[in-house]
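Understanding the architecture of this molecule
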Amino acid sequence: NLFAELPISTTIHLLAGSVALIAGALQFNRYIRTQFLTFHRTLGGMYLLAILTSGTAGFIMALESIFGPVAQVAMDISVPEGNKKLWLRASGFP
């Protein structure tokens, strides 16, 4: 049970992932984007912080997984390096 072995990483991954899902979905709301630009930008910053936090916690969990290298390879296959770079560029990173 990964939660029992890594409760902090699992909790951070779940909470930050939830924030990322909600904040990411709200970013597409036209009303928020046009009427509340400052909130939209703040929400975008929260989204970026949440996905970086959740991704880091998820990576730590994968390293400690009972599947070991298999989980690490699966993580790299599911999000290839090119997609990571494309996602970061789309999110505003240089």
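Residues numbered from 1 in each chain as written. Predicted model: local features only at pLDDT ≥ 70, side-chain atom pairs only at ≥ 80, totals over all residues. Heavy atoms only, no water.

Brief notes about the overall build of the protein chain
When helices and strands are counted, the protein chain shows six helices and zero strands. Helices (α) and strands (β) of the protein chain occur, in sequence order from the N terminus, as α-α-α-α-α-α. Taking all 94 residues of the protein chain together, the buried fraction comes to 26%. Sequence separation of at least 24 residues holds for 59% of the intrachain contacts in the protein chain that already meet a minimum separation of 6. (Helix = DSSP H or I, 4+ residues; strand = E, 2+ residues; numbered from the N terminus. Buried < 20%, exposed > 50% of the residue type's maximum accessible area, 1.4 Å probe, protein only. Contact = heavy atoms within 4.5 Å.)

Overview of the packing of aromatic side chains
For the structure on display, the rule yields one aromatic pair. Aromatic side chains Y31 and F36 sit 5.7 Å apart centroid to centroid with 70° between the ring planes, which places their arrangement in the edge-to-face category. For F36, a relative accessible area of 41% corresponds to the partly exposed category. (Phe/Tyr/Trp six-rings, centres within 6.5 Å; stacked < 30°, edge-to-face > 60°.)

Quick look at helix α4 (residues 37-63)
Spanning 27 residues, α4 covers 39 Å between terminal C-alpha atoms, matching the ideal 39 Å at 1.5 Å per step. Turning to α4, its buried residues are H40, L43, G44, L48, A50, I51, S54, A57, G58, M61 and A62. (Expected span 1.5 Å × (residues − 1).)

Considerations on the side chain of T10
Along the chain, the position of T10 falls in helix α2 (residues 7-26). With relative accessibility at 9%, the residue T10 sits in the buried group. If sequence neighbours within four positions are ignored, T10 has contacts with L2, F3 and M61.

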